Amino acid sequence: MSGRLLILCWHNVTPTWFFPGPRGAHTRGLASQVRALQRFCTPVDLEQALDDLALGKPLPPRAVALTFDDGYRDNLDSAIPLLEALGVPATYFLVSGLLDGETAPWWELLGWAFARSKERTVNWRGQSLRGGATPQRYPDFWPHAEGLKALDRSGREAALEELIEALAPQGPRPDWHRMFLDWDGAREMARRATVGSHTRWHGILSRESHEEQAVELLHAAERIRSELGVPARTLAYPNGGQGDYDAGSIAGAQAAGHDYAVTTENGLNAPPIAPFEVQRLVLDPLDGVTVLRRALRAPGLGGWLRGAPPAS
Ligand SMILES: [Zn+2]
């Protein structure tokens, strides 16, 4: 028994506009990662494990909790059946504004605009970009993506519309409920797994005032409770790095009734835990088992694997 918890985070498990890949590769990658985890870790339920840690109760050896962010439809269609078959619990963090159809997933909108653009060269904010592929093809794209994250919601929406106009993507905008859950899908998910909140707008919380954060977090928590009939005990901060949330986010999360909030800062959680700064490690299904193994042996997590059987 031990008192340390590793929490892992995935997003989509099939190709999307922003995270493309060969058909089937994401699902195969996730399956191989989870099977590897089962060989040398003990999968546990996130909230139960956090409750136990908070009370100072021991956890099984190398306890690992699985989480998925953003509410991609493939989480219900692919991840849940896979994890159910393997007997592994997971928690899914949902964006109420996407479920309500009142906001677009801005990163996927950007991926779509690049992929559907026929423009050879687009000048945007002093940078030359090329349409007709995905943002991943352009190393110089990422500073701009980070720039979009640095804006508040209205600033980001304005910048994004400006870029979409320049890229002139062909065809109608996607129906996001084909890629992301609607409430019916979320209800099915909540019957089969644990759900949490991933805010209403999926903006970077620290870019907004404390008051706006409190309103957003409460709205998302109330929508989840009223539509799904369950409380969202845990919140996942969008982007989730240090600087993406602040004291206003923590106060807003508490006021919205959450018991815990998870970040994307790497690390193991051990008592005394900071319940609103619970650490997670982000993984990509396409990384497969090799990168997973390397990540688990990285400084800061290495000791966690001590005594584990060799992962084959
Ligand atoms: Zn997210």
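Residues numbered from 1 in each chain as written. Predicted model: local features only at pLDDT ≥ 70, side-chain atom pairs only at ≥ 80, totals over all residues. Heavy atoms only, no water.

J.: So what exactly am I meant to see when it comes to the layout of surface pockets here?
T.: Any empty space left between atoms is shown by rolling a water-sized probe over those atoms. The computed volume of the largest pocket comes to approximately 570 Å³. Taken together, 26 residues make up the lining of the largest pocket; nearest its centre are His11, Phe19, Asp70, Lys149 and Asn239. Those elements that provide at least two residues to the lining of the largest pocket are helix H5 (106-115) and helix H6 (141-150). The biggest single contributor to the lining of the largest pocket is H6, with four residues. A per-class count over the lining of the largest pocket returns 12 nonpolar, seven polar and seven charged. Summarising the domain contributions, the lining of the largest pocket has at least three residues from each of domain 1 (5-100 + 179-305) and domain 2 (106-167). Lining the second largest pocket we find Asp152, Arg153, Ser154, Arg200, Trp201, Glu208, Glu212, Val215 and Glu216. (1 Å grid on protein atoms, 1.4 Å probe; cavity = no way out; pocket = protein on both sides within 12 Å on 5 of 7 lines; lining within 4 Å. Points joined across faces, edges and corners; volume = space filled by probe spheres on them. Helix = DSSP H or I, 4+ residues; strand = E, 2+ residues; numbered from the N terminus. Nonpolar A, V, L, I, M, F, W, Y, C, P; charged D, E, K, R; others polar. Domains from an automatic or database assignment.)

J.: Sorry if this is basic, but what is going on with the pairing of strand S1 (residues 5-10) here?
T.: For a regular strand, the rule is simple: side chains alternate between the two faces of the sheet. For S1, the tally of buried residues reaches six of six residues, placing the bulk of the element in the interior. Residue alternation in S1 divides its side chains into two sets, Leu5, Ile7 and Cys9 and Leu6, Leu8 and Trp10, and both sets are buried. Here six bridges tie S1 to strand S3 (residues 63-69), and the two strands are oriented parallel to one another. Residue pairing in the sheet places Trp10 in a bridge with Phe68 of S3. Looking at chain direction, S1 and strand S10 (residues 281-282) are connected through two bridges and run parallel. Note on S10: the bridge partner recorded for Cys9 is Val282. (Buried < 20%, exposed > 50% of the residue type's maximum accessible area, 1.4 Å probe, protein only. Pairing = 2+ DSSP bridges.)

J.: Explanation requested: the nonpolar core in the structure shown.
T.: Grouped burial of nonpolar side chains is what soluble globular proteins tend to show. Counting 42 residues, the largest nonpolar core has Leu66, Phe68 and Leu296 as the members making the most contacts within it. Contributing elements (two or more residues each) for this core: S1, helix H1 (25-40), S3, helix H3 (73-86), strand S4 (90-94), helix H8 (183-192), helix H9 (210-228) and helix H11 (288-296). Formed by 23 residues, the second largest nonpolar core is a distinct cluster that contains Tyr72, Trp107, Leu109 and Leu160. (Core = buried A, V, L, I, M, F, W, Y, C linked by side-chain atoms within 4.5 Å.)

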